[in-house]
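Residue-level structure breakdown
These are the residues of each chain, in order.
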Amino acid sequence: MSQKFKELIDSERPVLIDFFATWCGPCKVQSSVLNTVKENIGDLARIVKIDIDQFPAIASEYGVRGVPTLAVFKKGELLYKESGVHDVNRLTELLKRFA
């Protein structure tokens, strides 16, 4: 997965990574927010969910201490990372700015 992850974040367009856990209540809220964000941004950016319990090495590598944590990468560079539930407008604007 690590090589695949590197290829994913090396993208020319922004990639929003949602680090989540299946047992996390706020993560479920964030997931529904991300569905709306995806509708708002279309193909400007990609949204990918990573389960920290299935891929703990990736979560550890990027310093994920709590879930949900959202990170935006473009051309392999970490442009943004923050824990907590984000609202639709904030995420939509963030991704449009990085696109």
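Up top is the structure.
Every chain's residues receive numbers from 1 upward, in the order its sequence appears when written. At least 70 in pLDDT is required for a residue's local features to be given in this predicted model, at least 80 for side-chain atom pairs to be given and counted, and no such filter applies to totals for whole chains, interfaces and linings, which use all residues. Excluded from the side-chain calculations are hydrogens and water; all other atoms, namely the structure's heavy atoms, are used.

Some words on the sheet that holds strand β4 (residues 77-83)
For two strands to count as paired, DSSP must find a minimum of two bridges between them. The helix count covers DSSP runs of H or I at least four residues long, the strand count covers runs of E at least two residues long, and both are numbered beginning at the N terminus. Spatial ordering of the open sheet is given by β2-β1-β3-β4, a layout of 4 strands whose pairing is mixed. Single-partner strands in this sheet number two, and they are β2 (46-51) and β4. Direction aside, neighbouring strands of the sheet carry axes that sit 20 degrees apart on average. As judged from the 5 bridges shared by strand β1 (residues 15-20) and strand β3 (residues 69-74), these two strands associate in the antiparallel manner. Directly across from aspartate 18, in β3, lies its bridge partner leucine 70. Axes, fitted as lines to C-alpha atoms, cover a helix only where it is in contact. Angles between the N-to-C directions of the axes lie from 0 to 180 degrees.

So, the packing of aromatic side chains
Aromatic rings from Phe, Tyr and Trp, with only the six-membered ring used for Trp, were paired whenever their centres fell within 6.5 Å, and each pair was classed as stacked if the ring planes differed by under 30 degrees, edge-to-face if by over 60, and tilted otherwise. A full pass over the atoms with the stated rule returns 3 aromatic pairs. When the ring of tyrosine 62 is compared with that of phenylalanine 73, the centres are 5.2 Å apart and the planes differ by 80 degrees; the resulting orientation is edge-to-face. A residue pair is termed long-range when its members are at least 10 positions apart, and tyrosine 62 in the loop between α3 (56-61) and β3 and phenylalanine 73 in strand β3 qualify at 11 residues. The burial state of tyrosine 62 is the same as that of phenylalanine 73; both residues are buried. The rule is short: NZ of Lys or CZ of Arg within 6 Å of the ring centre and within 35 degrees of the ring normal puts a charge over the ring. The cationic tip of lysine 49 hangs over the ring face of phenylalanine 20; the distance from NZ or CZ to the ring centre is 4.3 Å. For arginine 97, the ring lying beneath its charged end belongs to phenylalanine 98, and the centroid distance is 5.4 Å. Remark: exposure states derive from per-residue accessible area (1.4 Å probe, protein chains only) relative to the maximum for the residue type, with buried under 20%, exposed over 50%, and partly exposed in between.

A few points about the nonpolar core
In this description, a nonpolar core means a group of buried Ala, Val, Leu, Ile, Met, Phe, Trp, Tyr and Cys residues linked to one another through side-chain atoms lying within 4.5 Å. Phe5, Ile17, Phe19, Ile52, Tyr62, Val67 and Phe73 are the most contacted members of the largest nonpolar core, which has 20 residues in total. Contributing elements (two or more residues each) for this core: α1 (2-9), β1, β2, α3 and β3. The element contributing the most residues to this core is β1, with 4 residues. Residue contacts are defined here by distance: any two heavy atoms, one from each residue, within 4.5 Å place the two residues in contact. When neighbours within four sequence positions are excluded, isoleucine 52 is seen to be in contact with Phe19, Phe20, Ala21, Ala59, Val64 and Val67.

Describing unusual backbone geometry
Of note, the bond from valine 67 into proline 68 is cis; its omega dihedral lies within 30 degrees of zero at -5 degrees. Along the chain, the position of proline 68 falls in the loop between α3 and β3. The phi dihedral of lysine 75 falls on the positive side, at around 55 degrees, and the residue is not glycine. Tracing the backbone through its elements, the reader meets lysine 75 in the loop between β3 and β4.

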